[in-house]
Amino acid sequence: MTKRFFKALISGAVLSVGVTGGAFAAECIAPANPGGGWDFTCRQIGKIMYDIGVVDKPVQVTNMAGAGGGLAYNHVVAERGSDEDLFVAASTATSTRLAQNAYAGMTADQVRFVGAIGADPGVIAVAADSPYQSLNELVDAIKADPGSVAFAGGSAVGGFDHIKPLMILQRAGFTDIKKVKYIGVDGGADAITQTVGGFTQAMTGDMSEVVGFLKAGEIRVIAVLTEERVPGFEDIPTAKEQGLDVVAVNWRGLYVPKDISDAKFDEWAGKLQQVADSDAWQEAMVANGLAPFTKVGGDFQAYVDTLVAEINTMSKELGVIQ
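Just so it is clear, the model here is predicted, and its values are computed rather than measured. (Residues numbered from 1 in each chain as written. Predicted model: local features only at pLDDT ≥ 70, side-chain atom pairs only at ≥ 80, totals over all residues. Heavy atoms only, no water.)

1. Describing the overall build of the chain
Here comes step 1: When you go through the chain residue by residue, the secondary structure sums to 11 helices and 10 strands.
Here comes step 2: Expected size for 322 residues packed as a compact globule is a radius of gyration near 20 Å; at 20 Å, the chain falls within 12% of this value.
Here comes step 3: Taken over the C-alpha atoms alone, the chain extends approximately 60 × 45 × 30 Å along its principal axes.
Here comes step 4: Looking at the 322 residues of the chain, the share that counts as buried comes to 53%.
Here comes step 5: For the chain, long-range pairs separated by at least 24 residues make up 77% of all intrachain contacts whose partners lie at least 6 apart in sequence.
Here comes step 6: Here the chain displays about 13200 Å² of accessible surface, and carbon together with sulfur accounts for 50% of that area. (Helix = DSSP H or I, 4+ residues; strand = E, 2+ residues; numbered from the N terminus. Rg over C-alpha atoms; globule rule 2.2 N^0.38 Å. Buried < 20%, exposed > 50% of the residue type's maximum accessible area, 1.4 Å probe, protein only. Contact = heavy atoms within 4.5 Å. Areas by Shrake-Rupley, 256 points an atom, 1.4 Å probe, with all protein chains shown as cover.)

Have a look at this one:
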């Protein structure tokens, strides 16, 4: 999509965007239609900010769907670069698309990533009767014979489900990632069906996709890709525990315009931390299947920078981008 077309879309969209005024403490742009992850992020975080008193007026939510988040991103960069009362819902999809140049030349350094306070944990799962009992056993099999293991995932080739096992293998010293077999199917349930049926040896996806199959005893999750074990699933080891330092989650967070002051950036990071610490957010995570994942301020910015660079490099190696 060209920048000219982006600007044409924006000029039409901005007509419906309310300007933050006296009635609102701030504006949160959800880069999608009502419903779904980005809309949830804006509405829940904005509501809790007001309910627990970290802002003195409600947060206005503006839905700006288009180009997989690219329309909102371009709008912020082009029109709102110094707006200190604006934040935007983001997720791992945002960083993946930026890494793969899906936003018409926009780059990740044109905004500041202020924090994430929840995530759908990445997982690697195998069929219940799989011979692979641990992540290291699976990795060793691939290193010995890359053609012996195929992964199924709910994203396209080069998408984040594909990237997850490649990150693990690179930590294990296996760098010929084009030899790793991956089949992209229509969602996590289909990926599990492929694996349970023996068409693939492992499934790469998110915890929310596998819970039902896990409870039914159809699969085993051999690694969760989080810093710590997931509450409620304490018997599943992390990849880090198994010597493979990979954190790969579908995080839910926010970015802010690049040219706001450092003081304002720190202020938004602090407000987000207060939301993360609140009982209301704990309840919202449980109700929506999210696990704790709190990184705010410079810590989160560094995490996103590393993630974008890694996905960009892998995407080039895979031939997804030039």
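2. Structural notes on the packing of aromatic side chains
Here comes step 1: For the structure on display, the rule yields 10 aromatic pairs.
Here comes step 2: Between the aromatic rings of Tyr73 and Tyr103, the centroid separation amounts to 5.5 Å while the plane-to-plane angle is 40°, which identifies the pairing as tilted. Taken as a pair, Tyr73 in helix 3 (residues 70-79) and Tyr103 in the loop between helix 4 (92-99) and strand 4 (111-127) lie far apart in primary sequence, 30 residues in all.
Here comes step 3: Residue classification places Tyr73 among the buried residues on the basis of a relative accessible area of 0%.
Here comes step 4: Tyr103 gets classed as buried once you look at its relative accessible area, which sits at 1%.
Here comes step 5: Ring centres of Phe300 and Tyr303 lie 6.2 Å apart, and the angle between their planes is 25°; this geometry places the pair in the stacked category. (Phe/Tyr/Trp six-rings, centres within 6.5 Å; stacked < 30°, edge-to-face > 60°.)

In short, shape yes, function no, at least from these values alone.
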